[in-house]
Amino acid sequence: DELPEIYVLPKCVEKPEKVRLASELWANKTIIFVNPKLQKGLEALLIIAEELYRTSPNLTVRIVDSMDSIESELKLINKTINQLPKNISVTGSYQNTDKLLENGSIVLLLSLWHESGSRLIHESHLRGIPVIAFNTGGTSELVESKNLDVFEKPTTVRIRGHLKIQTWDSKPMVNRVLELISNIQTYEQHSAFLLFKSQNLLKNNEKAAKSILEII
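What you see is a predicted model; the values in this text were computed from it and never measured.

Trainee: Is there a simple way to explain the pattern of salt bridges in this structure?
Mentor: If charged atoms from side chains of opposite charge come close, those side chains can pair. Counted by the stated rule, this structure contains seven salt bridges. Note that Arg 119 and Glu 123 form a salt bridge whose closest N and O atoms lie 3.1 Å from each other. Note that Arg 119 and Glu 123 are positioned in helix H5 (residues 119-125) at a spacing of four residues, about one turn of the helix. Asp 149 is the salt-bridge partner of Arg 176, the closest N and O atoms lying 2.7 Å from each other. Residue Arg 176 is found in helix H8 (residues 171-182), and its partner Asp 149 is found in helix H7 (residues 146-149); the two are separated by 27 residues along the sequence. Classification of Asp 149 as buried rests on a relative accessible area of 1%. What you see here is one network of salt bridges that share partners, running through Asp 149, Arg 176 and Glu 179.

Trainee: Help me understand the packing of aromatic side chains, please; the structure alone is not making it clear to me.
Mentor: Here the distance between the centres and the angle between the planes together describe a pair of aromatic rings. Considering all chains together, one arrives at one aromatic pair under this definition. With a centroid separation of 5.5 Å and an interplanar angle of 85°, the aromatic rings of Phe 134 and Trp 168 are classed as edge-to-face. Of this pair, Phe 134 sits in strand E5 (residues 131-134) while Trp 168 is found in the loop between strand E8 (162-167) and H8, placing the two residues 34 residues apart along the sequence. A relative accessible area of 0% means that Phe 134 is categorised as buried. Looking at Lys 29, its charged tip hangs above the ring of Trp 26, at a distance of 3.4 Å from the centre.

What counts and what doesn't
Residues numbered from 1 in each chain as written. Predicted model: local features only at pLDDT ≥ 70, side-chain atom pairs only at ≥ 80, totals over all residues. Heavy atoms only, no water. Salt bridge = Lys/Arg side-chain N within 4 Å of Asp/Glu carboxyl O. Helix = DSSP H or I, 4+ residues; strand = E, 2+ residues; numbered from the N terminus. Buried < 20%, exposed > 50% of the residue type's maximum accessible area, 1.4 Å probe, protein only. Phe/Tyr/Trp six-rings, centres within 6.5 Å; stacked < 30°, edge-to-face > 60°. Lys NZ or Arg CZ within 6 Å of the ring centre and 35° of its normal.

Spelled out as structure tokens, the structure:
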């Protein structure tokens with residue numbers, strides 16, 4: 001018997017309950033960063049936040065600290081919570097992805113180590129939220145429009161088992177954040193592109209899942 005067409009399933013995610021208008025997301029001026037650990041890019045985030053505070057103090061950088069790790073991670077770079085830039089807010093975990101991303105305008109994915117490809121990318125794109133990331137592991141394969149939103153990661157050094165930044169030009173990434181957050185037309189166009197691509201991915205996944213069930 002001839003086998004049915006074979007599909008490759010990427011990381012599967014649930015459909016969002018509601019997709020907000022791009023203009024609403026843009027108006028929130030909120031940047032989301034999940035899991036504040038050095039290997040996940042906490043140090044890079046602090047540099048970005050400081051630069052954004054100088055140029056655009058109306059932006060909010062929301063750190064989602066679901067594992068309650070930020071204080072211990074900050075100690076590794078000789079910082080405390082009180083020394084965080086004033087545009088940073090820290091929250092705990094959320095009951096679901098919809099709540100996590102509800103008021104997000106941009107998601108920063110700043111992992112310094114090899115990522116197989118975070119499902120947070122798909123979860124964000126399904127809501128029309130741009131993801132700006134470092135080129136680590138499979139991340140660049142999942143970030144649509146990677147020529148715009150994927151950047152070279154910092155040069156790092158490992159100290160006491162932790163990755164710390166040695167050299168990095170943060171300006172290109174900061175400029176991309178500012179471009180999206182300050183230009184409603186650019187933001188809406190990019191959001192529409194992400195929604196189109198991610199919804200097609202969702203349809204392909206559903207089609208592939210049905211084919212697999214038929215084989216089983």
